[in-house]
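Topology and contacts: notes
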Amino acid sequence: MFSLKGVRHRYGAREVLRLERFVAAQGEKWLVLGPSGSGKSTLLHILAGLLRPSDGSVEVARPIGIVPQKLHLISSLDVEDNLLLAQYMAGAKQEPARAAQVLAGVGLADRAHSRPHQLSHGQAQRVAVARAVMNRPKLLIADEPTSNLDDAHCAAALDLLEAQAAECGATLVVATHDARAKPRFTNRLELG
Amino acid sequence: MNLPGISLAYLRAKPLATALNLLLLALGIATITVLMLATQQIEERMGRDARGIDMVAGAKGSPMQLVLAAVFHLDAPAGNIPLADAMELARHRLVKRAIPMALGDSYRSFRIVGTNHDYVAHYGARLAAGSLWTKAMEAVLGAEAARATGLRVGAKFAGAHGLGEGGEEHEEEPYRVVGVLAPTGTVIDRIVLTSVESVWEVHEHGKPAGGPRELTALLVQYASPLAAATLPRAVNAGTLQAASPAYESARLFRMLGVGVEVLRAFGVVLVLAAGLSVFIALTNALEERRYDLAVMRMLGASRAKLMGLLLIEGLALSVAGALLGLAFGHILMEVLGAALRAAQQVPVTGWSWVAGELWLLLLALGVGALAALLPAWRASRTEVAPVLAEG
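Residues numbered from 1 in each chain as written. Chains lettered and ligands numbered in written order. Predicted model: local features only at pLDDT ≥ 70, side-chain atom pairs only at ≥ 80, totals over all residues.

The next thing to look at is the overall build of chain A. Along the backbone of chain A there are 5 helices and 8 strands. Helices (α) and strands (β) of chain A occur, in sequence order from the N terminus, as β-β-β-α-β-β-α-α-α-β-α-β-β. Taking 192 residues into account, the globule formula puts the C-alpha radius of gyration at 16 Å, and chain A, at 16 Å, falls close to it. Of all 192 residues assigned to chain A, the portion counted as buried reaches 44%. Contacts in chain A between residues far apart in sequence, at least 24 positions, make up 73% of those at least 6 positions apart. (Helix = DSSP H or I, 4+ residues; strand = E, 2+ residues; numbered from the N terminus. Rg over C-alpha atoms; globule rule 2.2 N^0.38 Å. Buried ≥ 20, exposed ≤ 12 C-beta atoms within 10 Å, placed from the backbone. Contact = placed C-beta atoms within 7 Å.)

Take a look at the structure:
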C-alpha cells in the first residue's frame, strides 16, 4: 500500500507533478497514464523513494521492487548474480534458491548463467521483473514496460507483472503512455 | 555476491584494459624490486668480503682498482710490489696482521690466489674435503670454484696466464687439488687458493728468479684504530699505494648510486603513471557505469557501498600489479644472478627478500587507493532519479 497526499514536485520554477491524493491498498493494481513529460517518471521515483517531493507527504510500504524502462541489467554479471545483487544491495540475505525459484517463475530457469547480452529483449525484461521481485516487494513499480513491444509481447509483459505482483501480494503500479494497457486496469491515474 | 566479487567481475569484463594497467604497475614495481635486491645483496656481499680488512697495500695507481682487484677479485691489479717493501710494511708496529696476495693466473676464469692460511682463517672458511696446502703447487678450491669446475681432491689442473679465459696455460707446472672449502658466502668461494711460492714457481718456470720477488698486494689489519690516521699516509709516501676497502666501497656505491637513483626514480615514475592510468580507467568506468551505479542505488545500495566498489577495484588492481611486479622482479633478479654467476661476478639471487618490498606493496596500495578515491567519491554521489529518467 501507499499514500501520497498534497504532493508537488518542481524542477527549478517548473512544476512537473501536482497530486492532491493518490492512495492504494495492498494488492491493488494501478495504471498511471499520461503523455511524455506529464510527470509519470517523477511520480514513480517519488513512490520508490528515489526522489523527495518538493511538498507533500509520502507513505509507502517497503520493500519496493522497480522495473526501470531501460531494464538496466548489469552486463558484467550473469542473470543469477543480477538477481542476487538486488538482495545484496538491499542488505538482505542472499538466497540462490529464491533466485532459482523466481527465474523459474518468469520462465528462465535455464538462463541463470547467461549474460544480459545473450538474452533477447523479452528475456531481459523478464529478468528485470525477476530482479524486482527478489526481495518480495510490497510495492512493484514498472516504468513503461510495454514500450516498443508488439501486442503479443505487450500482453505477455503485463501478464508477467500481474502474476509476479500477485504472487508477492504486492501493490502494482504501471506507468505508461501505451493505451493498450488501459483495459486491464480498473484503477487508473491519468496525469497531464 | 559481495563488493570484491562485483569489482572483479567489472575488471574481468575489460581484460585488455585491466591487463595493461596491471602490466604498467608491475613494470614499475619490478624495476624498483630489482634495484632493491641488487643493491642490498651487493652491499651485503661486499661488506662481508671487506670485513676486517682495514687497508690494502699495492702498486701505485687507482686505490679503487686496488681494492676491487685484491679484496673483491673483480678487477685486474695495476701491478706488483716488491716483496721486501711488503714485508717491511707487514712488520710495522701499527700492523696487527698482513695477508700476502699474489695474483696473475686463473683456472677457467676462477682466479688463482697465492696467499697463506691466514686468508682462509680471515673468512672463517672450513674444509669440506681434504686439507689446506702445505707445499708449493698444492691448491684448495673455494666452494663455487669447485662446483663450477668439477675438480675434486686429487685432481690436477694447469693455471692459465691472466685473470680471464684464453690465457696461455702453464702445463709444465700443474696444480694438485688437496682440499675443497665449504661455502662461506664470501669472495673466497669464487677463487682457487695456493701458496705464494706456487705463484712464484709457475712464473719462474722452475728456474731461479731473475729479479727480486714480488707480491700483488697486502691485506692489512690495523693493530690500533690510530693507525687509520697515520699508516695510509706513511704507505703512500713510499713506493706503495694504500687503499681503504670501506672508503673505496662507499665511494663506488656513491658513484653507482647516481645510476641506481635514476633507475629507482624511473620505477617510481612508472608506478605513478600506473596510478594515473588506474585513475583514468576508473573515471571512464564511472561514465560507462552510471546506469549500473544508479540501478545499484535503486536496489538499495548505500553511498558507502558504491564508494567501496570503486575503491576495491583500484586496490585490487594495485595489489595484483604489485604482487605481479614483485614476482617479475625476483624472476628477473634470478635470471640476472644466473648470468653473473656464470661470469664469476658478484653473485646475486632472486630467492631473497628485503624488508623494503613491504613498503613497495604499501606504496602500490597507496597509489591504487589514491587513484580510486576521487572516482569512488563521485560514484557515491550518483543521483538515481536523473540517470534513470534519461535512460
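Back to the write-up after that little detour.
A count of helical and extended segments in chain B gives 13 helices and 13 strands. Compactness check: chain B gives a C-alpha radius of gyration of 30 Å against a globular reference of 21 Å for 391 residues, more than 25% above the reference. Judged by the C-alpha coordinates and their principal axes, chain B covers about 105 × 45 × 30 Å. Taken across its 391 residues, chain B has 43% of its residues classed as buried.

Generally speaking, soluble globular proteins have nonpolar side chains that are buried together. One finds A:L140, A:I141, A:L161 and B:I29 to be the most contacted residues of the largest nonpolar core, which totals 112 residues. Take this core: its biggest share by element is 13 residues, from helix α2 (residues 15–50) of chain B. In this structure A:L161 touches A:V129, A:L140, A:A142, A:P145, A:L172 and A:V174, once residues within four positions along its chain are discounted. Listed in part, the 62 residues of the second largest apolar core include B:V71, B:A86, B:L103 and B:L181. (Core = buried A, V, L, I, M, F, W, Y, C linked by C-beta atoms within 7 Å.)

Residue and element names in this part refer to chain A. Topologically, R131 is positioned in helix α4 (residues 121–133). For R131, a count of 28 C-beta atoms within 10 Å corresponds to the buried category. Between the C-alpha atom of R131 and that of K29, which follows or precedes it by 102 residues, the distance is 19 Å. Other than its neighbours up to four places away in sequence, R131 contacts N82, L83 and A86.

Residues and elements named next belong to chain A. Taken domain by domain, chain A comprises domain 1 (1–62 + 138–192) and domain 2 (72–136). Look at where the C-alpha atoms of domain 1 and domain 2 centre, and you get two points 22 Å apart. In this complex, domain 1 contributes 9 residues to the contact, which on the side of domain 2 involves 9 residues. No other element matches the 7 residues that helix α5 (residues 151–168) contributes to the side of domain 1 that touches domain 2. Of the residues belonging to the side of domain 1 that touches domain 2, the class tally is 6 nonpolar, 2 polar and 1 charged. (Domains from an automatic or database assignment. Nonpolar A, V, L, I, M, F, W, Y, C, P; charged D, E, K, R; others polar.)

Turning our attention to helix α3 (residues 96–105) of chain A. Residues and elements named next belong to chain A. Buried within α3 are the following residues: A99, V102 and L103. Each buried residue of α3 lies within a common arc of 100° when the element is viewed along its axis, so the set occupies one face. Packed against the buried residues of α3 are α2 (79–89) and α4. Two residues or fewer after α3 comes G107, characterised by a positive phi angle close to 80°. (Arc of directions from axis to C-beta.)

A word on the sheet that holds strand β2 (residues 14–24) of chain A. All names here are of chain A. Pairing is antiparallel across the open sheet formed by 3 strands, whose spatial order is β2-β1-β4. For this open sheet the edge positions go to β2 and β4 (55–60), each flanked by a neighbour on one side alone. With strand direction ignored, the average angle separating the axes of adjacent strands in the sheet is 20°. The sheet contact formed by strand β1 (residues 2–11) and β2 spans 9 bridges and is antiparallel. Within the sheet, the bridge partner assigned to L4 lies in β2 and is F22. (Pairing = 2+ DSSP bridges. Axes fitted to C-alpha atoms, helices over the stretch in contact; angles between N-to-C directions.)

The subject of this paragraph is the environment of B:L293. Residue and element names in this part refer to chain B. Among the secondary structure elements, L293 is positioned in helix α10 (residues 290–298). A sequence separation of 57 residues divides L293 from N236, and the C-alpha atoms of the two residues are 77 Å apart. Apart from the residues lying within four places of it in its own chain, the contact partners of L293 are L306, A379 and T382.

All names here are of chain B. Running from N to C, α2 and helix α12 (residues 356–380) point in directions that differ by 160°, and their axes come no closer than 11 Å. Between α2 and α12, the crossing angle belongs to the class labelled roughly antiparallel. Handedness of the crossing formed by α2 with α12: right-handed. When α2 is examined against α12, the residues L25, I29, I32, T33 and M36 are found in contact with a partner set consisting of G356, E357, L360 and A364. (Parallel < 35°, antiparallel > 145°, perpendicular 65-115°, else oblique. Left-handed = near helix turned anticlockwise from the far one by under 90°.)

As a further point, take the sheet that holds strand β6 (residues 139–143) of chain A. Residue and element names in this part refer to chain A. In space, the 5 strands of this open sheet follow the order β5-β6-β7-β3-β8, with parallel pairing throughout. With partners counted over all chains shown, the strands left at the sheet margins are β5 (64–67) and β8 (187–190), one partner each. On average, each strand axis in the sheet is inclined to that of its neighbour by 15°, with strand direction left out of account. Note that strand β3 (residues 29–33) and strand β7 (residues 171–176) share 5 bridges and pair parallel. Its bridge partner being in β7, L33 is matched across the sheet by T176. Taken strand by strand, α4 contacts β5 and β6, and its axis lies near 165° from that of β5. Most of the contacts of α5 go to β6, to which it runs at about 165°, and overall it touches β3, β6 and β7.

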